[in-house]
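# Geometric and topological summary
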Amino acid sequence: MNYLAHLFLASEDPDERLGSLIADFTRGRLQTLAKDYPPGVMWGIALHRRVDRFTDDNPWVVQSRRRIAAPYRRYSGIILDILYDHFLSSYWSEFSGQDRQSFIQDIYRLLDRRRNDLPARLGALVPRMQREDWLGSYAEFEVIGQVYQRMSQRMRQPNRLAGAMEEVRRHYPELAQDFRQFFPELIVFVQQQERMNRP
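This one's a predicted model, so the numbers in the text were calculated from it and none came from an experiment. (Residues numbered from 1 in each chain as written. Predicted model: local features only at pLDDT ≥ 70, side-chain atom pairs only at ≥ 80, totals over all residues. Heavy atoms only, no water.)

### Quick word on empty space enclosed by the protein
- For the structure shown, the criterion picks out 1 cavity of 30 Å³ or more.
- Of the voids in this model, the largest cavity is the one considered here, and its volume is about 40 Å³.
- Taken together, H6, L9, A10, S20, G44, L47, H48 and V51 make up the lining of the largest cavity.
- For the lining of the largest cavity, the secondary-structure elements that each account for two or more residues are helix 1 (3-9) and helix 4 (39-57).
- Among the residues making up the lining of the largest cavity, the classes are represented as 4 nonpolar, 4 polar and no charged. (1 Å grid on protein atoms, 1.4 Å probe; cavity = no way out; pocket = protein on both sides within 12 Å on 5 of 7 lines; lining within 4 Å. Points joined across faces, edges and corners; volume = space filled by probe spheres on them. Helix = DSSP H or I, 4+ residues; strand = E, 2+ residues; numbered from the N terminus. Nonpolar A, V, L, I, M, F, W, Y, C, P; charged D, E, K, R; others polar.)

As C-alpha cells, this is what we get:
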C-alpha cells in the first residue's frame, strides 16, 4: 500500500492520519517510538504496519505478484504499492462516499497545519508532494510509469524497475480485478483492528 491507500484506511482522526504517513519514515519497535508521538499517531503507525503485513500475505496480492514476469518480480512489491494507489483512485466511488479530491485537499491542509509534528524527512517532502499532487496524480495511468522511472533512478543498484510499465500494461485488467477483490478484504481487516486492537 502507498500513501493514498494508507490515508484512506486511517480514521478521520488527524493524529491517526498523520501516523499512517509517518509510519513509512520510522523504524524500530513501537514501544520505543511511543516516547516521541501521542497515542493517536502511534495507533496510525501500528495500523499501517498491520496493513502492510496483511497485504503481503493476502492471496489476491500474492496472485498479482505472480502475474509479473520473473525479471521484474523482485520489484513486485514496489510495482503494486504504486499501482494500488492508482486503482484506489480509479475505483474510489466503490469504496468511499466522499469526493476524492476533497479528501486529498483535506490531507494537504492537515499536512500544512501539522508540518512541525512530522519527521524531518517527511516534512521536507510535503511541499513537493503538494506541488506534484502525489495523492491525486496517480489517477493518471501514465504518471505511474513516471514514478517507476524516478524510483529506479534513486536505487543504488542497477535495476529494471523503469521498464515495469510494460508488465503493468500487459496484465492491467487482471491486476485491477485482483485489487477489486483484495481491497474490500483489507477494509474489513482494518475495521476488525479498530474493534479488537485499538488502545
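Alright, that's what it looks like, and here's the rest.
### Here we look at the nonpolar core
- Residues Y148 and F183 are the most contacted members of the largest nonpolar core, which totals 65 residues.
- The greatest single-element share of this core, amounting to 12 residues, is contributed by helix 13 (residues 164-196).
- Not counting the four nearest positions on each side in its chain, Y148 is found in contact with I78, I79, I82, L83, L161, A162, A164, M165 and V168. (Core = buried A, V, L, I, M, F, W, Y, C linked by side-chain atoms within 4.5 Å. Buried < 20%, exposed > 50% of the residue type's maximum accessible area, 1.4 Å probe, protein only. Contact = heavy atoms within 4.5 Å.)

### Some words on the environment of A10
- Along the polypeptide, A10 turns up in the loop between helix 1 and helix 2 (14-22).
- Considered as a pair, A10 and D24 are 14 residues apart in the sequence and their alpha carbons are 14 Å apart.
- When neighbours within four sequence positions are excluded, A10 is seen to be in contact with E16, R17 and S20.

### Overview of the layout of surface pockets
- Each pocket or cavity is described by its volume, and for the largest pocket that value is around 820 Å³.
- For the lining of the largest pocket, the secondary structure elements donating two or more residues are helix 1, helix 4, helix 5 (59-67), helix 7 (76-90), helix 10 (120-131) and helix 12 (141-154).
- Here the element with the most residues in the lining of the largest pocket is helix 7; it accounts for 7 residues.
- Split by residue class, the lining of the largest pocket holds 13 nonpolar, 6 polar and 10 charged.
- Lining the second largest pocket are 14 residues, and of these F8, L9, A10, S11 and F95 sit closest to its centre.
- The biggest single contributor to the lining of the second largest pocket is helix 13, with 4 residues.
- When grouped by side-chain class, the residues that make up the lining of the second largest pocket number 7 nonpolar, 4 polar and 3 charged.

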